[in-house]
Amino acid sequence: MSLPKSGHLFLVSKAIGSPLASRNSVQIHHRLRHFHSPARLQVVSPSPQATARNSQPRSPPIAPPTHISSAESISGKKAYWDGKALYAFRDRQFQPLPSLWLRDHCQCALCFHLETKQRLYNTFENTTPPEIKSCQEMNNGFQIVWHDGHESFYDHAWLREQDEERLTQIRQGRLPNVNLWGSNIQDSPPQVDYDEVMQTEEGVKKWCSEIRLHGFSFVDGCPPTPEATKALLERISFIRQTHYGGYWEVLSEMASIDTAYTNLALEAHTDTTYFSDPVGLQMFHLLSHEGGKGGESLLVDGAAAAAKLFQKDPEAYKLLSEIAVRHHASGDDGINFTSYRGFSVLEHDLEQGHLLRIRWNNADRASIECPMHMKSRWYEAARMFNQIISDERSQYWSKLLPGRPLIFDNWRVLHGRAAFTGRRRLGGGYINRDDFVSRLKMLEYGKDKVLAATVTG
Ligand SMILES: C[N+](C)(C)CCCC[C@H](N)C(=O)O
Ligand SMILES: O=C(O)CCC(=O)C(=O)O
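Residues numbered from 1 in each chain as written. Chains lettered and ligands numbered in written order. Predicted model: local features only at pLDDT ≥ 70, side-chain atom pairs only at ≥ 80, totals over all residues. Heavy atoms only, no water.

## What to know about the environment of L298
Considering the arrangement of structural elements, one finds L298 in strand 12 (residues 297-301). Contacts of L298, omitting those with residues within four sequence positions, involve A268, Q395, Y396, W397, L414, H415 and G416. (Helix = DSSP H or I, 4+ residues; strand = E, 2+ residues; numbered from the N terminus. Contact = heavy atoms within 4.5 Å.)

Right, here's the structure in full:
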């Protein structure tokens, strides 16, 4: 049984009869444009900080982003009025802008709350589509008078073709370059200064940028206390509350019925794969480790591992991108967490094809959501991915230290732990992904650019 060759992602649809469709599922199918190798995460030109830091020659980018809108298509082309419709350059051609779409995007103070940035216009109140009574080009845009007398202004900057790649980059808080790494990151792991983070917005920007570029960062000089750890996390955003609590401590006593609360080794994994929305950032701060040894921490760049899998076996990559898997948390009394549906190990942006999230936890995995005859194909692909993340060239082992908390992107970076003895006290907390991305993009791009990339039509 071959998978759809077209690169389309059919989640399930009886009508389509996708080989992945399970008998009784009735979700919609998504037509996924082409998968882009995680190379789209690739660094085209590493940031100066990354270059300085990684004195070692980094593994060359697998491939630069495949399409960057040509300058002409997003710069000079202006909209025009042909007497009947307002035309703008979209999808590499001039096309008429639908009247309802234009009216819906009026940004006057009656239609758009200038402070909350919310729509006030009741888009669906009228059944008859709005008609343009007149349209006049001004020096920086078009003034439209509607049939009901309402007036709207659309400036050239807003009408100019928006580069979807650039818009998505800003919306998702993606930086133009990320540093995919392997064991070589040990030579100069990303780190920022605690005082700078605690006292300046620039320090938080630098911290968030390091996390976005490398998937993790250490913070030097943090007092080894729960209070300082919590306050540090809150410089990014409020701490995400889960059944483990808000700020939590991991001791090798079963505070929560989970192997994390033991002294066992933990293989590389991402956390909370059983939540519909896995936690975004995770912080570990080793507060103390007495009377024992071990407990070294493992990090693996999941994006780099995915890129290697894509290079090694695109079919395996596709399987891990298309077959949904469910996870669970059932240790604590009275709970059984599992997401509202299964999710694939490798999740992509359905428009741009970017790799967005890695969900990998062999201990918490509950079900592979595909017909029985497909299961072995998933295991083959998963084994390949596991080989890559288990390869020492992919692994960065370090010994956490009191005063040097680690934070990492749980949607990209896998983490693990060596077995240990003695009494080990690890503090930490989670941050929602959306809260991190909001904080990052406001710092990185600023409010105007972010808002301009938000309500864009
Ligand atoms: C980090 N903290 C100890 C609070 C929770 C650990 C969660 C462990 C769980 N198996 C998972 O992977 O989500
Ligand atoms: O104890 C550690 O170092 C990490 C524990 C862990 O992997 C987790 O809590 O998910």
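Once you've had a look at it, read on.
## Observations concerning the site of ligand 1
Around ligand 1, a shell composed of 15 residues is seen, among which D258, T272, Y274, N361 and D364 lie nearest. With respect to ligand 1, the backbone of T272 contributes an N or O atom lying 2.7 Å from an oxygen atom. The separation between an oxygen atom of ligand 1 and a polar side-chain atom of N361 is 3.0 Å. Each residue belonging to the shell around ligand 1 can be placed in one class, and the counts come to seven nonpolar, five polar and three charged. (Near = heavy atom within 4 Å. Polar contact = N/O pair within 3.5 Å; in protein donor to acceptor, adjacent residues only side chain to side chain. Nonpolar A, V, L, I, M, F, W, Y, C, P; charged D, E, K, R; others polar.)

## Things to note about the domain arrangement of the protein
Per the domain assignment, the segments making up the protein are domain 1 (9-55), domain 2 (70-171) and domain 3 (183-445). Counting residues at the interface gives seven residues for domain 2, matched by six residues for domain 3. Counting the surface lost from both domain 2 and domain 3, the interface buries some 510 Å², and carbon and sulfur atoms represent 44% of this. Its largest share of buried area at the contact with domain 3, domain 2 owes to E165, T168 and I170, together 61% of the area lost on that side. Here domain 2 and domain 3 share zero salt bridges between them. Counting across the domain 2 and domain 3 interface gives three residue pairs in polar contact (both at pLDDT 80 or more). Within the side of domain 2 that touches domain 3, the residues separate by chemical class into one nonpolar, two polar and four charged. (Domains from an automatic or database assignment. Buried area = accessible area lost by both parts, 1.4 Å probe. Salt bridge = Lys/Arg side-chain N within 4 Å of Asp/Glu carboxyl O.)

## Topic: the pattern of salt bridges
A full pass over the atoms with the stated rule returns 15 salt bridges. A salt bridge links K230 to E234, with the nearest nitrogen and oxygen atoms 3.0 Å apart. K230 gets classed as partly exposed once you look at its relative accessible area, which sits at 36%. On the basis of relative accessibility, which here comes to 39%, the residue E234 falls in the partly exposed class. One salt bridge connects R326 with E369, and the closest N-O pair in it is separated by 3.1 Å. With R326 in strand 13 (residues 324-327) and E369 in strand 17 (residues 365-369), this pair connects stretches of sequence that are 43 residues apart. Relative accessible area serves as the criterion here: at 31%, E369 is assigned to the partly exposed category. Within this structure, E201, R235 and R439 form a network of salt bridges that share partners. (Buried < 20%, exposed > 50% of the residue type's maximum accessible area, 1.4 Å probe, protein only.)

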